[in-house]
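For reference, the chains in residue letters:
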Amino acid sequence: MRQRLSSEPDRYRGRRRVPTPPRSRYAVVVTSAFVGAGVVALGAASNLPDAKAVSPDVLQSLKTQQVAADALESRSDGAASRGENREAAGAELSAEQAAKDIYLLPLDEYEFTSAYGVRFGKLHAGIDLAAPEGTPYKAVHGGTVTAAGYSGGYGYSVTIRQDDGTEIIYAHSRRVVVEKGEQVKAGQVIGEVGNTGYSYGTHLHLEVHVKGTPTDPITFLADRGVDIKLQMESIYAGLAAAAAS
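Because the structure is predicted, anything quoted here is derived from the model rather than measured.

Looking only at helices and strands, the chain has four helices and 14 strands in total. Taken over 245 residues, the chain has a buried fraction of 27%. When contacts within the chain are restricted to residue pairs at least 6 apart in sequence, long-range pairs at least 24 apart make up 59% of them. Within the structure as shown, the chain displays about 17100 Å² of accessible surface, and the carbon and sulfur contribution to it stands at 55%.

As C-alpha coordinates, then:
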(Lines give C-alpha, C1' and ligand atoms only; values in the text may rest on other atoms or scores of the structure.)
Protein backbone atom coordinates (compact mmCIF):
# COMPACT_ATOMS: atom_id res chain seq x y z
CA MET A 1 0.00 0.00 0.00
CA ARG A 2 1.09 3.60 -0.66
CA GLN A 3 1.94 5.49 2.46
CA ARG A 4 -0.21 8.55 3.06
CA LEU A 5 1.91 11.65 2.90
CA SER A 6 1.67 14.12 5.67
CA SER A 7 0.85 16.82 3.14
CA GLU A 8 -2.30 15.00 1.93
CA PRO A 9 -5.55 16.11 3.55
CA ASP A 10 -6.96 13.68 6.05
CA ARG A 11 -10.42 13.01 4.59
CA TYR A 12 -11.48 10.87 7.47
CA ARG A 13 -10.16 13.03 10.23
CA GLY A 14 -12.86 13.92 12.77
CA ARG A 15 -15.35 11.29 11.46
CA ARG A 16 -16.65 8.30 13.40
CA ARG A 17 -17.54 5.03 11.86
CA VAL A 18 -20.94 3.64 12.82
CA PRO A 19 -20.50 0.00 13.62
CA THR A 20 -22.62 -2.33 11.47
CA PRO A 21 -24.89 -4.54 13.54
CA PRO A 22 -24.41 -8.21 13.04
CA ARG A 23 -26.75 -10.06 10.66
CA SER A 24 -28.27 -11.90 13.56
CA ARG A 25 -29.70 -8.63 14.90
CA TYR A 26 -31.59 -8.03 11.58
CA ALA A 27 -33.09 -11.46 11.85
CA VAL A 28 -34.31 -10.77 15.36
CA VAL A 29 -35.94 -7.46 14.35
CA VAL A 30 -37.72 -8.91 11.28
CA THR A 31 -38.90 -11.93 13.23
CA SER A 32 -40.28 -9.71 15.98
CA ALA A 33 -42.23 -7.65 13.43
CA PHE A 34 -43.92 -10.71 11.94
CA VAL A 35 -44.69 -12.09 15.37
CA GLY A 36 -46.24 -8.76 16.43
CA ALA A 37 -48.43 -8.61 13.35
CA GLY A 38 -49.63 -12.12 14.00
CA VAL A 39 -50.55 -11.26 17.56
CA VAL A 40 -52.54 -8.21 16.41
CA ALA A 41 -54.38 -10.31 13.82
CA LEU A 42 -55.22 -12.96 16.34
CA GLY A 43 -56.52 -10.32 18.71
CA ALA A 44 -58.75 -8.81 16.06
CA ALA A 45 -60.05 -12.21 15.09
CA SER A 46 -60.87 -12.98 18.68
CA ASN A 47 -63.29 -10.00 18.67
CA LEU A 48 -65.42 -11.42 15.75
CA PRO A 49 -68.67 -13.08 16.80
CA ASP A 50 -68.82 -16.82 16.57
CA ALA A 51 -71.68 -18.05 14.38
CA LYS A 52 -72.76 -20.35 17.17
CA ALA A 53 -72.80 -17.43 19.60
CA VAL A 54 -75.15 -15.20 17.47
CA SER A 55 -78.45 -14.54 19.20
CA PRO A 56 -81.42 -16.49 17.69
CA ASP A 57 -83.45 -13.24 17.80
CA VAL A 58 -80.92 -11.57 15.50
CA LEU A 59 -81.04 -14.48 13.05
CA GLN A 60 -84.85 -14.42 13.07
CA SER A 61 -84.83 -10.66 12.44
CA LEU A 62 -82.51 -11.06 9.44
CA LYS A 63 -84.71 -13.84 8.07
CA THR A 64 -87.84 -11.69 8.45
CA GLN A 65 -86.19 -8.77 6.64
CA GLN A 66 -85.22 -11.03 3.72
CA VAL A 67 -88.78 -12.40 3.44
CA ALA A 68 -90.15 -8.85 3.40
CA ALA A 69 -87.67 -7.81 0.72
CA ASP A 70 -88.64 -10.80 -1.45
CA ALA A 71 -92.34 -9.98 -1.00
CA LEU A 72 -91.82 -6.34 -2.03
CA GLU A 73 -89.87 -7.40 -5.12
CA SER A 74 -92.60 -9.87 -6.11
CA ARG A 75 -95.28 -7.22 -5.57
CA SER A 76 -93.33 -4.74 -7.69
CA ASP A 77 -93.02 -7.25 -10.53
CA GLY A 78 -96.75 -8.02 -10.32
CA ALA A 79 -97.66 -4.33 -10.39
CA ALA A 80 -95.45 -3.78 -13.44
CA SER A 81 -97.09 -6.72 -15.20
CA ARG A 82 -100.59 -5.41 -14.41
CA GLY A 83 -99.55 -1.97 -15.66
CA GLU A 84 -98.37 -3.44 -18.96
CA ASN A 85 -101.64 -5.34 -19.31
CA ARG A 86 -103.64 -2.17 -18.68
CA GLU A 87 -101.57 -0.27 -21.26
CA ALA A 88 -102.09 -3.01 -23.84
CA ALA A 89 -105.83 -3.07 -23.14
CA GLY A 90 -105.95 0.73 -23.40
CA ALA A 91 -104.13 0.66 -26.74
CA GLU A 92 -106.53 -2.01 -28.06
CA LEU A 93 -109.55 -0.02 -26.86
CA SER A 94 -108.21 3.18 -28.43
CA ALA A 95 -107.68 1.45 -31.79
CA GLU A 96 -111.19 -0.03 -31.65
CA GLN A 97 -112.71 3.34 -30.74
CA ALA A 98 -110.72 5.06 -33.49
CA ALA A 99 -112.03 2.52 -36.02
CA LYS A 100 -115.62 3.29 -34.97
CA ASP A 101 -115.13 7.06 -35.22
CA ILE A 102 -113.36 7.42 -38.57
CA TYR A 103 -114.88 8.66 -41.82
CA LEU A 104 -113.39 7.80 -45.22
CA LEU A 105 -113.95 8.57 -48.90
CA PRO A 106 -116.45 6.23 -50.60
CA LEU A 107 -114.33 5.91 -53.75
CA ASP A 108 -110.61 5.96 -54.46
CA GLU A 109 -111.07 7.91 -57.71
CA TYR A 110 -114.10 9.78 -59.01
CA GLU A 111 -115.33 13.03 -60.54
CA PHE A 112 -117.56 15.31 -58.49
CA THR A 113 -120.46 16.06 -60.86
CA SER A 114 -123.42 17.34 -58.84
CA ALA A 115 -123.87 19.15 -55.54
CA TYR A 116 -126.57 19.07 -52.89
CA GLY A 117 -129.43 21.52 -53.56
CA VAL A 118 -132.45 22.33 -55.70
CA ARG A 119 -132.27 20.95 -59.22
CA PHE A 120 -135.05 21.04 -61.84
CA GLY A 121 -137.34 22.50 -59.20
CA LYS A 122 -136.75 19.65 -56.76
CA LEU A 123 -134.29 19.07 -53.96
CA HIS A 124 -131.35 16.98 -55.02
CA ALA A 125 -130.81 15.59 -51.52
CA GLY A 126 -127.30 14.26 -52.09
CA ILE A 127 -124.16 14.53 -54.22
CA ASP A 128 -123.09 12.64 -57.33
CA LEU A 129 -119.65 11.08 -57.83
CA ALA A 130 -119.02 9.76 -61.35
CA ALA A 131 -116.86 6.65 -61.79
CA PRO A 132 -116.66 3.75 -64.27
CA GLU A 133 -119.43 1.18 -63.99
CA GLY A 134 -118.54 -1.67 -61.64
CA THR A 135 -116.10 0.42 -59.57
CA PRO A 136 -116.32 -0.82 -55.94
CA TYR A 137 -117.48 1.78 -53.45
CA LYS A 138 -117.00 1.67 -49.69
CA ALA A 139 -118.85 2.64 -46.54
CA VAL A 140 -117.72 6.08 -45.38
CA HIS A 141 -118.51 5.11 -41.78
CA GLY A 142 -119.39 2.04 -39.79
CA GLY A 143 -122.90 1.03 -38.87
CA THR A 144 -125.77 -1.36 -39.51
CA VAL A 145 -127.24 -2.05 -42.95
CA THR A 146 -130.92 -1.20 -42.71
CA ALA A 147 -131.70 -1.61 -46.43
CA ALA A 148 -129.94 -3.33 -49.31
CA GLY A 149 -131.50 -3.99 -52.73
CA TYR A 150 -133.66 -2.31 -55.35
CA SER A 151 -135.51 0.81 -54.13
CA GLY A 152 -137.46 2.70 -56.84
CA GLY A 153 -135.70 5.87 -58.01
CA TYR A 154 -132.58 4.97 -56.03
CA GLY A 155 -132.17 1.81 -58.08
CA TYR A 156 -129.99 -0.71 -56.27
CA SER A 157 -128.97 1.00 -53.07
CA VAL A 158 -127.58 0.51 -49.57
CA THR A 159 -128.65 2.39 -46.43
CA ILE A 160 -126.39 2.26 -43.36
CA ARG A 161 -127.49 3.57 -39.96
CA GLN A 162 -124.83 4.75 -37.56
CA ASP A 163 -124.95 4.40 -33.77
CA ASP A 164 -126.23 7.97 -33.38
CA GLY A 165 -129.08 7.36 -35.82
CA THR A 166 -127.52 9.15 -38.81
CA GLU A 167 -128.22 7.35 -42.09
CA ILE A 168 -126.10 7.34 -45.25
CA ILE A 169 -127.61 6.20 -48.55
CA TYR A 170 -125.57 4.87 -51.50
CA ALA A 171 -127.72 4.79 -54.63
CA HIS A 172 -127.83 3.85 -58.37
CA SER A 173 -125.57 0.84 -57.87
CA ARG A 174 -125.01 -1.85 -60.43
CA ARG A 175 -125.19 -4.29 -57.54
CA VAL A 176 -124.82 -4.37 -53.77
CA VAL A 177 -122.67 -6.84 -51.83
CA VAL A 178 -124.09 -6.53 -48.31
CA GLU A 179 -127.36 -7.61 -46.72
CA LYS A 180 -129.87 -6.02 -44.38
CA GLY A 181 -128.85 -6.42 -40.73
CA GLU A 182 -125.16 -6.74 -41.53
CA GLN A 183 -122.61 -4.77 -39.50
CA VAL A 184 -120.08 -2.92 -41.64
CA LYS A 185 -116.94 -0.90 -40.94
CA ALA A 186 -115.62 2.27 -42.55
CA GLY A 187 -113.76 1.39 -45.74
CA GLN A 188 -115.61 -1.89 -46.30
CA VAL A 189 -116.78 -2.50 -49.88
CA ILE A 190 -120.59 -2.51 -49.93
CA GLY A 191 -121.48 -2.20 -53.63
CA GLU A 192 -120.49 -1.29 -57.19
CA VAL A 193 -121.10 1.94 -59.08
CA GLY A 194 -123.93 1.67 -61.62
CA ASN A 195 -126.72 3.51 -63.45
CA THR A 196 -129.92 2.04 -62.04
CA GLY A 197 -133.11 3.84 -60.96
CA TYR A 198 -133.65 7.50 -61.88
CA SER A 199 -130.11 8.06 -63.05
CA TYR A 200 -128.43 10.06 -65.79
CA GLY A 201 -125.11 8.36 -66.27
CA THR A 202 -122.96 5.98 -64.26
CA HIS A 203 -122.27 7.42 -60.82
CA LEU A 204 -122.64 6.98 -57.07
CA HIS A 205 -125.35 9.07 -55.44
CA LEU A 206 -124.55 9.76 -51.76
CA GLU A 207 -127.10 11.09 -49.25
CA VAL A 208 -126.80 11.87 -45.54
CA HIS A 209 -129.86 12.04 -43.27
CA VAL A 210 -129.39 13.46 -39.75
CA LYS A 211 -132.39 12.76 -37.50
CA GLY A 212 -134.40 11.96 -40.61
CA THR A 213 -133.57 15.24 -42.40
CA PRO A 214 -131.39 15.38 -45.56
CA THR A 215 -128.09 17.20 -44.95
CA ASP A 216 -125.42 18.41 -47.35
CA PRO A 217 -122.88 15.54 -47.46
CA ILE A 218 -120.08 17.98 -48.33
CA THR A 219 -120.52 19.92 -45.08
CA PHE A 220 -121.29 16.83 -43.00
CA LEU A 221 -118.16 14.98 -44.12
CA ALA A 222 -115.92 18.06 -44.03
CA ASP A 223 -116.73 18.42 -40.32
CA ARG A 224 -115.40 14.87 -39.92
CA GLY A 225 -112.13 15.24 -41.77
CA VAL A 226 -113.24 14.18 -45.28
CA ASP A 227 -113.09 16.63 -48.20
CA ILE A 228 -115.15 15.23 -51.07
CA LYS A 229 -114.22 17.95 -53.58
CA LEU A 230 -110.50 17.64 -52.93
CA GLN A 231 -110.78 13.87 -52.60
CA MET A 232 -108.91 13.99 -49.29
CA GLU A 233 -109.27 12.23 -45.97
CA SER A 234 -107.96 13.40 -42.63
CA ILE A 235 -104.47 12.05 -41.95
CA TYR A 236 -105.73 10.97 -38.53
CA ALA A 237 -108.53 8.99 -40.14
CA GLY A 238 -105.95 7.21 -42.31
CA LEU A 239 -103.78 6.39 -39.29
CA ALA A 240 -106.76 5.10 -37.35
CA ALA A 241 -107.81 2.91 -40.28
CA ALA A 242 -104.27 1.49 -40.52
CA ALA A 243 -104.17 0.77 -36.79
CA ALA A 244 -107.52 -1.00 -36.92
CA SER A 245 -106.70 -3.15 -39.91
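Next comes the rest of the account.
Further remarks concern the confidence of the model for the chain. Averaged over all residues, the pLDDT of the chain is 76; the fraction at 70 or higher stands at 55%. Within the model, the stretch residues 1-18 combines pLDDT values under 50 with three contacts to residues more than four positions away or in other chains. The low-confidence segment residues 20-52, where pLDDT is below 50, has one contact with residues more than four positions distant or belonging to other chains.

Looking now at the packing of aromatic side chains. The geometry of an aromatic ring pair is captured by two quantities: the separation of the ring centres and the angle between the planes. Inspection of every chain in the model, using the stated rule, returns three aromatic pairs. Each ring, one from Tyr-137 and one from Tyr-170, has its centre 5.7 Å from the other, and the planes form 10°; the classification is stacked. Pair noted here: Tyr-137 is in strand S5 (residues 136-138) and Tyr-170 is in strand S8 (residues 167-176), with a separation of 33 residues, a long-range link. Between the aromatic rings of Tyr-150 and Tyr-156, the centroid separation amounts to 5.1 Å while the plane-to-plane angle is 85°, which identifies the pairing as edge-to-face. By relative accessible area, which is 53% here, Tyr-150 ends up exposed. Given a relative accessible area of 35%, Tyr-156 falls into the partly exposed group. Above the plane of the ring of Tyr-103 lies Arg-224, whose end atom (NZ or CZ) is 5.7 Å from the centre. Taking the ring centre of Phe-220 as reference, the NZ or CZ of Arg-224 above it sits at 3.8 Å.

Cut-offs and rules
- Residues numbered from 1 in each chain as written.
- Predicted model: local features only at pLDDT ≥ 70, side-chain atom pairs only at ≥ 80, totals over all residues.
- Heavy atoms only, no water.
- Helix = DSSP H or I, 4+ residues; strand = E, 2+ residues; numbered from the N terminus.
- Buried < 20%, exposed > 50% of the residue type's maximum accessible area, 1.4 Å probe, protein only.
- Contact = heavy atoms within 4.5 Å.
- Areas by Shrake-Rupley, 256 points an atom, 1.4 Å probe, with all protein chains shown as cover.
- pLDDT = per-residue confidence, 0-100.
- Phe/Tyr/Trp six-rings, centres within 6.5 Å; stacked < 30°, edge-to-face > 60°.
- Lys NZ or Arg CZ within 6 Å of the ring centre and 35° of its normal.

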